[in-house]
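One-letter residues, chain by chain:
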Amino acid sequence: MRFASKKLKKIEVAKLIPARGEKLRRVIASFVTLASVALGTAGLCAAQSVIRPGEPWLDHHGQRIQAHGGGITVWKGTYYWFGEDRTPANDPEKRYVACYSSRDLVHWKFRRQVLVLADPEHLGPHWVLERPKVYANPRTGKFVMYAHLDDAHYKFARVMVAVSNRIDGTYNFVKSFRPLDEESRDIGQFVNDDGSAYLIFESRPTKGFFLAKLTDDFMGVEKTCFIPAPLEGGALVHYGNLYYVVGSHMTGWRPNPNVYATAPALTGPWTEFKNLAPPEANNYDSQSTMLVKVTGSKTTTVIFMGDLWRPKSLWDSRYFWMPLDMDHGSMQLPPPQPWTLNVKTGESAIQANGK
Ligand code: DGJ
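A short tour of the structure in this document, coming up. Along each chain, residue indices are assigned from 1 in the same order as the chain's sequence is written. A pLDDT threshold of at least 70 governs which residues receive local features in this predicted model, and a stricter bar of 80 or more applies before side-chain atom pairs are shown or counted, although totals over entire chains, interfaces and linings include all residues. With hydrogens and water set aside, each side-chain value is computed from the structure's full complement of heavy atoms.

1. Here's the deal with the nonpolar core
The test is simple: The definition of a nonpolar core used throughout is a set of buried Ala, Val, Leu, Ile, Met, Phe, Trp, Tyr and Cys residues joined through side-chain atoms within 4.5 Å. Burial here depends on accessible area, computed with a 1.4 Å probe over protein chains only, as a share of the maximum for the residue type. Under 20% is buried, over 50% is exposed, and the range in between is partly exposed. The way it works is that DSSP assigns letters per residue, a run of H or I at least four long becomes a helix, a run of E at least two long becomes a strand, and they are numbered from the N terminus.
Residues Trp81, Leu105, Trp108, Trp321 and Met331 are the most contacted members of the largest nonpolar core, which totals 42 residues. Here this core gets 5 residues from one element, more than from any other, and that element is strand β19 (residues 300-308).

In structure tokens form, the structure reads like this:
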């Protein structure tokens, strides 16, 4: 009961002060959060350690996390979540990427809108910036953001690159280009265990995914592999002795059964694609955006990070994070259930009573 009333307080504050970015709103929201913590009970803490796929996910100010089509960057022991910020109060002529940080992948602190960009290539009023991903370059000390850049009809089909000196600093647009001179729409991000960084991009004319290693300065790419499967929402993880690639079919914003394939090396050979979940489940209405590997002192959990899109109100799209069942070349997505994660041990546990 006490938990419910504290939660209610946060929601009421959020409703009363609608415009994002207003200092006053954040101050009041922070005050309520601090008050909740000060008054907090063990029950409250336990409840908040749970990841609940499909439910509104709040940041430390009690505001809805805006990081759609996102990606996770690990930097100095902290996780950073970057994604499309679709806040309704944003300037409709600009596109926004928000950044959040966390030590446990459950509680997220809003850092800032790290990219606020006006149409950089004169693409027209409904221009598109989707699926931003940030790579930390230890050689140059720079942080490099890639995102899908397009016009309203998805014909421009390029990536944009923006750079910052700080992980949560301002990212400045540098250029757009077609990686490997190919059309590029949905992008994904992969950083291998040795630190090498890759862009995954979907290329419609060639009907497949390209895996492309970033050059030393991360400002360009070179070909690693082409996977002949017309899929989008590309994501990749290295687990055990295998690489697993995941993708969705091309049905716009509508969900479809996502699929995966494996290979002993990034260059292949890749197996046939298989369903990640029973096809009738339609991937529990989610679409892949990233696979996050959490290796702790006891075990490794691979998280399926997906979006539950609401195309008519993209700001209200939800997140679908679930630990994958991994078993010698098989990867299965469980149905949405509340679950807990311990990043120190790498353990994840689905809540037995569903609470
Ligand atoms: C599916 C893509 O995965 C999304 O990022 C977005 O581009 C929609 N298509 C648009 O229809």
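2. Quick word on the environment of Pro205
Assignment of secondary structure puts Pro205 in the loop between β11 (197-203) and β12 (208-214). A relative accessible area of 52% places Pro205 in the exposed class. Through-space distance from the C-alpha of Pro205 to that of Glu182 is 8.3 Å; in sequence the pair is 23 residues apart.

3. A word on the sheet that holds β12
We count it as follows: Two strands are said to pair when DSSP picks up at least two bridges between them. Lines fitted to C-alpha atoms define the axes, with helix axes restricted to the stretch in contact, and inter-axis angles between N-to-C directions lie between 0 and 180 degrees.
Read across the sheet, 4 strands follow the order β10-β11-β12-β13 without closing on themselves; strand pairing throughout is antiparallel. Only two strands of the sheet have a single partner each, and these edge strands are β10 (187-191) and β13 (221-227). The sheet shows a mean angle of 25° between the axes of neighbouring strands, direction not considered. As paired elements, β12 and β13 share 6 bridges and run antiparallel to each other. Bridge pairing in β13 places Phe210 opposite Phe226.

4. Some thoughts on the site of the ligand
Cut-off, in case you're wondering: In this text, near means that some heavy atom of the residue lies within 4 Å of the molecule or strand in question. Whenever a nitrogen or oxygen atom comes within 3.5 Å of another N or O atom, the pair is scored as a polar contact, on the condition that within protein one atom can donate a hydrogen and the other can accept it, and that pairs from neighbouring residues in sequence are kept only if both atoms are in side chains. Gly counts as polar in this scheme, as do all residues outside two lists: the nonpolar Ala, Val, Leu, Ile, Met, Phe, Trp, Tyr, Cys and Pro, and the charged Asp, Glu, Lys and Arg.
Around the ligand, a shell composed of Glu130, Arg131, Tyr154, Asp186, Glu232, Gly252, Trp253 and Gln287 is seen. Within the side chain of Asp186, a nitrogen or oxygen atom sits 2.5 Å from an oxygen atom of the ligand. Contacts to the ligand include Gly252, whose backbone N or O atom sits 3.3 Å from a nitrogen atom. Class assignment of the residues belonging to the shell around the ligand gives a composition of 2 nonpolar, 2 polar and 4 charged.

5. Things to note about unusual backbone geometry
Each neighbour pair has its own omega, and for Gly268 with Pro269 the value is 0°, a cis peptide bond. By the secondary structure assignment, Pro269 is in the loop between β16 (259-263) and β17 (274-275). Although it is not a glycine, Lys76 sits at a positive phi angle of roughly 50°. Counting through the fold element by element, Lys76 comes out in the loop between β2 (68-75) and β3 (78-84). For Lys76, a relative accessible area of 71% gives the class exposed. For Asp181, which is not a glycine, the phi torsion comes out positive at approximately 60°.

6. Comments concerning the pairing of strand β7 (residues 143-150)
With 8 of 8 residues buried, β7 is to be regarded as a mostly interior element. The two faces of β7 match: Phe143, Met145, Ala147 and Leu149 on one face and Val144, Tyr146, His148 and Asp150 on the other face are all buried. Judged from the 7 bridges that link them, strand β6 (residues 128-136) and β7 form a sheet pairing that is antiparallel. Across the sheet, Val134 pairs through a bridge with Met145, a residue of β7. Relative to strand β8 (residues 158-164), β7 runs antiparallel, the two being bridged by 7 bridges.

7. Looking at the side chain of Thr78
Which entries qualify depends on this criterion: When checking whether two residues touch, look at their non-hydrogen atoms; a contact exists if any pair is within 4.5 Å.
Relative to the assigned elements, Thr78 resides in strand β3. We classify Thr78 as buried; its relative accessible area is 10%. Among the polar contacts made by the side chain of Thr78, one reaches the side chain of Arg103 at a distance of 3.1 Å. Ignoring any residue separated from it by four or fewer positions in sequence, one finds Thr78 in contact with Thr73, Ser101, Ser102 and Arg103.

8. Re the pattern of salt bridges
Basically, it comes down to this: Counted as salt bridges are all cases of a side-chain nitrogen of Lys or Arg within 4 Å of a carboxyl oxygen of Asp or Glu.
Across all of its chains, the model carries 12 salt bridges by this definition. Where Glu183 meets Arg185, a salt bridge forms, and the shortest distance between an N and an O atom there is 2.8 Å. Glu183 gets classed as partly exposed once you look at its relative accessible area, which sits at 21%. Overall, the relative accessible area of 6% leaves Arg185 in the buried class.

9. Description of the sheet that holds strand β24 (residues 347-350)
Taken in spatial order, the 3 strands make up an open sheet running β1-β23-β24, and their pairing is antiparallel. With one partner strand each, in any of the chains shown, β1 (50-51) and β24 form the two edges of the open sheet.

10. Let's talk about the packing of aromatic side chains
Selection criterion: Two aromatic rings, drawn from Phe, Tyr or Trp (for Trp, its six-membered ring), form a pair once their centres lie within 6.5 Å of each other, and the interplanar angle then sorts them: stacked below 30 degrees, edge-to-face above 60, tilted otherwise. Placement of a positive charge over a ring is assigned whenever Lys NZ or Arg CZ falls within 6 Å of the ring centre and within 35 degrees of the normal to the ring plane.
One pass over the full model with this rule turns up 22 aromatic pairs. With centroids separated by 6.5 Å and ring planes inclined at 70°, the aromatic side chains of Tyr239 and Tyr244 adopt a geometry described as edge-to-face. Members of the aromatic cluster, joined through ring pairs, are Trp57, Trp81, Tyr100, Trp108, Phe110, Tyr319 and Trp321. Here Lys175 stacks its cationic end above the ring of Phe177, 4.8 Å away from the centre of that ring.

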